[in-house]
Protein chains: 2
Amino acid sequence: MMLMNNKEKLRKAGLRPTKQRMIIANILLNGINRHFTAENLQNEINSSGNSMSIATIYNCLKKFRNCGLIKQVESSKETAIFDTNIDQHHHFLDEETGELIDIENEEINLFKLPEIPKGYMNSGVEVLIKLKRQN
Amino acid sequence: MMLMNNKEKLRKAGLRPTKQRMIIANILLNGINRHFTAENLQNEINSSGNSMSIATIYNCLKKFRNCGLIKQVESSKETAIFDTNIDQHHHFLDEETGELIDIENEEINLFKLPEIPKGYMNSGVEVLIKLKRQN
DNA sequence: AAGTAGTTTAGAACGATTTCAAAGTAAAAA
DNA sequence: TTTTTACTTTGAAATCGTTCTAAACTACTT
Ligand SMILES: [Mn+2]
Ligand SMILES: [Mn+2]
Ligand SMILES: [Zn+2]
Ligand SMILES: [Zn+2]
């Protein structure tokens with residue numbers, strides 16, 4: 001598990017390890033957690049000496065998300081924000097800048113959760129703590 | 001307080017009670033909590049026998065939000081979702097349909113919140129419980 | 001009543017994302 | 001290998017939600 005390379009990760013997820021997907025996997029799946037937009041990613045691809053159509057970037061991000069390799073953050077910003085941290089976790093949100101900061105799952109303790117509506121099951125709990133600058 | 005009509009609410013919020021704002025206030029500020037998009041609202045305005053430019057609807061929603069008469073929900077949907085429930089509260093999200101269901105603030109108990117980053121203050125906590133259809 | 005500042009409007013513009021259809025490539029079959 | 005097949009990438013056009021523009025309108029003040 002710890003030793004699986006990106007090509008293997010893509011294969012395991014059922015995705016062909018194309019040149020473009022490998023470029024993106026090499027940027028995103030390196031163990032460093034981050035939040036980013038499609039445009040952020042394109043800039044990184046460009047500065048790594050590669051280039052990629054924005055359509056391909058969106059295609060890949062959607063595939064990666066649907067395979068569970070990345071997540072998309074719930075955000076009321078106009079631009080979609082993705083997250084390489086796929087573990088259940090929470091966020092601080094700087095309302096002024098839109099910056100997100102991870103909160104590890106263990107740092108929040110929820111007790112007394114409401115009853116799940118009939119016919120549904122809990123598929124993940126996310127806590128968002130909004131921040132404003134002090135004073 | 002309980003007896004304040006919509007015209008007074010707008011005045012108190014510093015907004016001129018124009019014909020258009022009153023039409024929207026009459027739909028939204030009737031004490032029934034709901035989640036809606038700009039398009040949802042336009043449809044309701046139309047079926048109430050009125051009509052309004054979509055630009056005006058966006059203008060109003062932004063003013064109402066900035067005055068605290070409504071809130072905007074954090075959502076990764078492409079379309080902005082607004083909420084007439086301005087009290088701090090939480091949501092169930094049906095991931096399949098995008099439907100939101102309110103959870104009263106008292107129905108969730110958070111203890112052990114993480115330390116707020118230096119220079120910031122907590123400006124609101126929102127819990128999202130994602131739901132998927134059982135089985 | 002006249003002045004003014006704020007508001008509404010249709011339509012154009014915008015930015016993010018998706019679609020399109022043609023060309024390219026990875027995997028499977030022969 | 002070569003051939004075949006299905007999947008992927010691409011740039012350009014299209015779409016969609018939202019904002020901008022500037023002219024007409026209206027609520028409030030004087
Ligand atoms: Mn969004
Ligand atoms: Mn948009
Ligand atoms: Zn995160
Ligand atoms: Zn709500």
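Going by the structure above, here's the rest.
Rules used in this analysis
- Residues numbered from 1 in each chain as written.
- Chains lettered and ligands numbered in written order.
- Predicted model: local features only at pLDDT ≥ 70, side-chain atom pairs only at ≥ 80, totals over all residues.
- Heavy atoms only, no water.
- 1 Å grid on protein atoms, 1.4 Å probe; cavity = no way out; pocket = protein on both sides within 12 Å on 5 of 7 lines; lining within 4 Å.
- Points joined across faces, edges and corners; volume = space filled by probe spheres on them.
- Helix = DSSP H or I, 4+ residues; strand = E, 2+ residues; numbered from the N terminus.
- Nonpolar A, V, L, I, M, F, W, Y, C, P; charged D, E, K, R; others polar.
- Near = heavy atom within 4 Å.
- Polar contact = N/O pair within 3.5 Å; in protein donor to acceptor, adjacent residues only side chain to side chain.
- Donors = N, O, S within 2.8 Å, 3.2 Å for Na, K, Ca; no water.
- Buried < 20%, exposed > 50% of the residue type's maximum accessible area, 1.4 Å probe, protein only.
- Least-squares fit on C-alpha atoms with pLDDT ≥ 70 in both.
- Contact = heavy atoms within 4.5 Å.

Looking at empty space enclosed by the protein
Rolled over the atoms, a probe sized like a water molecule indicates the empty space that remains.
Inference 1: Per the stated rule, a full pass over the model turns up five cavities of 30 Å³ or more.
Inference 2: In this structure, the largest cavity occupies an estimated 170 Å³ of space.
Inference 3: In terms of lining residues, the largest cavity is bounded by 14 residues, among which E74(A), E126(A), L128(A), E74(B) and L128(B) are the most central.
Inference 4: Looking at the lining of the largest cavity, the elements that each hand over two or more residues are β4 (90-94) and β7 (120-133) of chain A together with β7 (120-133) of chain B.
Inference 5: A breakdown of the residues in the lining of the largest cavity according to their chemical character gives six nonpolar, four polar and four charged.

Examining the protein's contact with DNA strand C
Inference 1: Close to DNA strand C lie 19 residues; R11(A), Y58(A), T18(B), R21(B) and T56(B) are nearest.
Inference 2: Atoms of DNA strand C within 4 Å of the protein belong to the sugar or the phosphate in 82% of instances, the rest to bases.
Inference 3: For DNA strand C, a phosphate oxygen lies 2.7 Å from a polar atom in the backbone of A80(A).
Inference 4: When contributions to the surface near DNA strand C are tallied by element, the ones reaching two or more residues are α4 (54-67) of chain A together with α2 (19-28) and α4 (54-66) of chain B.
Inference 5: The element contributing the most residues to the surface near DNA strand C is α4(B), with four residues.

Thoughts on the coordination of the zinc ion (ligand 3)
All names here are of chain A.
Inference 1: Coordination of the zinc ion (ligand 3) by the protein comes from H35 (NE2), D83 (OD), H89 (NE2), H91 (NE2) and D102 (OD), over a distance range of 2.0 to 2.3 Å.
Inference 2: Each donor residue of the zinc ion (ligand 3) lies on the same chain, and together they follow the pattern H-x47-D-x5-H-x1-H-x10-D. Here H35, found in strand β1 (residues 35-36), pairs with D102, found in strand β5 (residues 100-103); they are 67 residues apart in sequence, far enough to count as distant.
Inference 3: According to the relative accessible area criterion, H35 is partly exposed, its value standing at 22%.
Inference 4: With relative accessibility at 23%, the residue D102 sits in the partly exposed group.

Remarks on the relation of the copies chain A and chain B
Inference 1: It takes a turn of 179° to lay chain A on chain B, together with a shift of 0.0 Å along the axis; the resulting RMSD is 0.2 Å. One copy is carried onto the other by what is essentially a two-fold rotation axis.
Inference 2: In this assembly, 100% of the residues forming the interface of chain A have copies in chain B that are likewise at the interface, indicating an isologous arrangement.

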